[in-house]
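Summary of structural features
Here is what each chain is made of, one letter per residue.
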Amino acid sequence: MKFSVRIQRRQPRCSAELPADLHPVLRRIYLNRKIHGIKELENKLSHLHGLELLSGMSNAVDRLAQAIIDGLKVLVVGDFDADGATSAALAVRAMRAMGASDTGYIVPNRFEYGYGLTPEIVRVASRQNPALLVTVDNGISSIEGVDEANRLGIEVIITDHHLPGPRLPAAAAIVNPNLHDDAFPSKCLAGVGVIFYVMSALRAELRRRGWFGYKSIPEPNMAQYLDLVALGTVADVVPLDHNNRILVDQGLKRIRSGHCVPGISALLRVGGRNQESISASDLAFAVAPRLNAAGRLDDMSLGIECLLSDGMGHAMDLSVKLDELNRQRRDIEQSMGSQAMEILRKRFSNLEQADTPAAICVYDAGWHQGVIGILASRIKDRLHRPVIAFADGGNGELKGSARSINGVHIRDVLDAIATLYPGLLHKFGGHAMAAGLSLRLEHYAEFQRVLAQRVSMITGAQVGENIIWSDGELGADELAIDTARAIYMAGPWGQDFPEPVFDGVFDLADKRIVGSNHLKLVLHHAASGKVVEAIAFNQLGDDLRSGSRVRVAYRAETNEYRGFCNLQLNVQYIEPL
């Protein structure tokens, strides 16, 4: 199945006052990403938005501070992904450092209780006799769960970043930058970012009450938790606006210098990454998948315990278990991926035809609930349209995980469907690019039709086209290791602040397969003849011939081998000319 690929060069979105000595390639990159001035390039903690701007903060920290002072049990209710795991670990670590004598966590097993603060998980939590439940990375849609907690006499504080519905839970306090009347400038905080702000405000409140002096304990330095904030923010693929770039950049610096929890160091080690030089992509592709594997296949408590561990030996033991779960997840995913493409080939004779649906649903009764999200992501990347993968949820219900493309806010699409077709969806929630939902099996066919119709109204004929956005061509003098190093140092790169991609014409001097399915290339810059090395991961290049001219979209990176460091192009796309 081949789809049209188009390389399109970005155009500067703004004019800006940038430093005169800024690397010329970086100047172009920043203008392409709507950077308006030098302040947006300064990733200092002092530039973070103020915590007082988050509505509900005073109520939340007042109740938390009083619970800690009174020695009451506080139970953190987590979520089963990496954002939820880092959020739970941060909340527990921070409150214990602030002198909370009875603080623990509970995380729902997705296969038993589903997502969020459900009435069932509240009843499980109540066995520990908590006075206060604090949700992290969930809770904004948990109306029934909060009602159950209130019935049992347990107060609930919700910290979340997901979009709220028309009705809010009756919690004692809600902290969420996406509440309709919230004044916090950044709506892109991950769940771990929200709880970081709450814990920072809690420290300030306990300081105001003289708690640290009374207990003779040091005030915790909140910067020590930025490693967890960076990991959760990158893992949740939230947009890296300036506020999030500060959080991630500061967290990465701490990790590189060795000031991070042992669990992150251990996960980097089993992932084969050099901690001293990691980037945001290392967190995204080496750490987050292993952490997520616990929630996908088993119980996220394993991941949270890894992040809570204070001993490297224990953290390594847990990381090895997480690595094995991730290997199992990959095997399951590959099998499901093959089955999914076979289903689609039988359903559609040609996926490139104009009448192919603008959004794809795929379902098999034997699929693993914990892997459908990553399955949807893989198919979305291949078919270049929104995809929802479903698994059997039991009792005639399907559980779905959606992944979307730029320009299609999938949570808003689901909201519109729920409004226009009452009863079609059981429940749903999520973000612009990812969402979860459930529906009855008998409604599956109708939902497929309605979803494709709604997405088609948004995308028109653009669906199915793979656009590679380029920051232009690098000249011969710019094809240098100094350029790659400058780009690396200019990060963190991520969602809505993408790592730079360039394009150009080269002569293919040599190619060979390395590993099992990677293509090692030697390229000659067509205009200058400059020789550069390149690698194309998961590509075999059967249509490429040595001596031919090719067009390449690539990232400029450094490659260290046997003590030597040189420029290497990471090929995103290559085509013969």
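Before going into details, it helps to say that this report is about the structure given with it. (Residues numbered from 1 in each chain as written. Predicted model: local features only at pLDDT ≥ 70, side-chain atom pairs only at ≥ 80, totals over all residues. Heavy atoms only, no water.)

1. Quick notes on the pattern of salt bridges
Evaluation of the coordinates by the stated rule reveals 29 salt bridges. R9 serves as the salt-bridge partner of D503, at 3.0 Å between the closest nitrogen and oxygen. Taken together, the residues span a long stretch of sequence, with D503 in strand β13 (residues 502–514) and R9 in strand β1 (residues 5–9) at a distance of 494 residues. By relative accessible area, which is 37% here, R9 ends up partly exposed. Between D323 and R290 there is a salt bridge; the shortest N-O distance is 2.7 Å. Of this pair, D323 sits in helix α13 (residues 312–347) while R290 sits in helix α11 (residues 280–297), and the two are 33 residues apart along the sequence. This pair shows no difference in class: D323 is buried, exactly as R290 is. (Salt bridge = Lys/Arg side-chain N within 4 Å of Asp/Glu carboxyl O. Helix = DSSP H or I, 4+ residues; strand = E, 2+ residues; numbered from the N terminus. Buried < 20%, exposed > 50% of the residue type's maximum accessible area, 1.4 Å probe, protein only.)

2. Thoughts on the environment of R327
Mapped onto the elements, R327 comes out in helix α13. Linking R327 and P289, residues 38 residues apart in sequence, is a C-alpha distance of 9.9 Å.

3. Overview of the sheet that holds strand β4 (residues 132–136)
Pairing is parallel across the open sheet formed by five strands, whose spatial order is β3-β2-β4-β5-β6. Strand pairing shows two members of the sheet lacking a second neighbour, β3 (103–106) and β6 (173–175), which therefore form its edges. The mean inter-strand angle of the sheet, taken between neighbouring strand axes irrespective of direction, is 20 degrees. Across four bridges, the pairing between strand β2 (residues 74–77) and β4 is parallel. Looking at β4, one finds that V74 is bridged to L132. (Pairing = 2+ DSSP bridges. Axes fitted to C-alpha atoms, helices over the stretch in contact; angles between N-to-C directions.)

4. A short note on the packing of aromatic side chains
Evaluated as defined, the whole model comprises ten aromatic pairs. A centroid spacing of 6.3 Å and a plane angle of 85 degrees characterise the contact between F196 and Y197, whose relative ring orientation is edge-to-face. The class of F196 is buried, set by a relative accessible area of 7%. Aromatic rings pair up to connect Y363, F390, Y444 and F447 into one cluster. Directly above the ring of F497 sits R245, whose terminal nitrogen or CZ lies 4.1 Å from the centroid. (Phe/Tyr/Trp six-rings, centres within 6.5 Å; stacked < 30°, edge-to-face > 60°. Lys NZ or Arg CZ within 6 Å of the ring centre and 35° of its normal.)

5. Concerning the pairing of strand β11 (residues 434–440)
Taken together, the seven bridges between strand β9 (residues 397–403) and β11 define a ladder with antiparallel strand orientation. Considered in β11, the bridge of K399 is made with S438. One ladder, built from four bridges, connects strand β10 (residues 427–430) with β11; its direction is antiparallel. What sits directly across from F428, in β11, is L437. The hairpin formed by β10 and β11 contains three residues between the paired strands.

6. Things to note about the environment of F506
The topology assignment puts F506 in strand β13. With 372 residues separating them in the primary sequence, F506 and V134 have C-alpha atoms 56 Å apart. With sequence-adjacent residues up to four places away left out, F506 is seen in contact with L479, L523, H524, H525, A526, V532, S548, R549, V550, V552, Y554 and L569. (Contact = heavy atoms within 4.5 Å.)

7. A few points about the sheet that holds β10
Ordered by their spatial adjacency, five strands build an open sheet running β7-β8-β9-β11-β10, and the pairing between neighbours is mixed. Both outer strands of the open sheet, β7 (360–363) and β10, are each paired with one neighbouring strand and no more. Between one strand axis and the next, the sheet turns through 20 degrees on average, direction left out of account.

8. Details of helix α9 (residues 242–256)
Helical periodicity: at 3.6 residues per turn, an α-helix aligns residues three or four positions apart in one direction. Its 15 residues give α9 an end-to-end C-alpha distance of 21 Å, which sits within 8% of 21 Å, the value for a rise of 1.5 Å per residue. A large share of α9 lies buried, amounting to twelve of its 15 residues. Regarding α9, the residues found buried are H242, N243, N244, R245, I246, L247, V248, D249, Q250, G251, L252 and I255. In this structure, the buried residues of α9 make contact with α6 (191–208), α8 (226–235), α10 (262–270) and α11. After α9 finishes, the residue G258 shows a positive phi value of roughly 90 degrees. (Expected span 1.5 Å × (residues − 1).)

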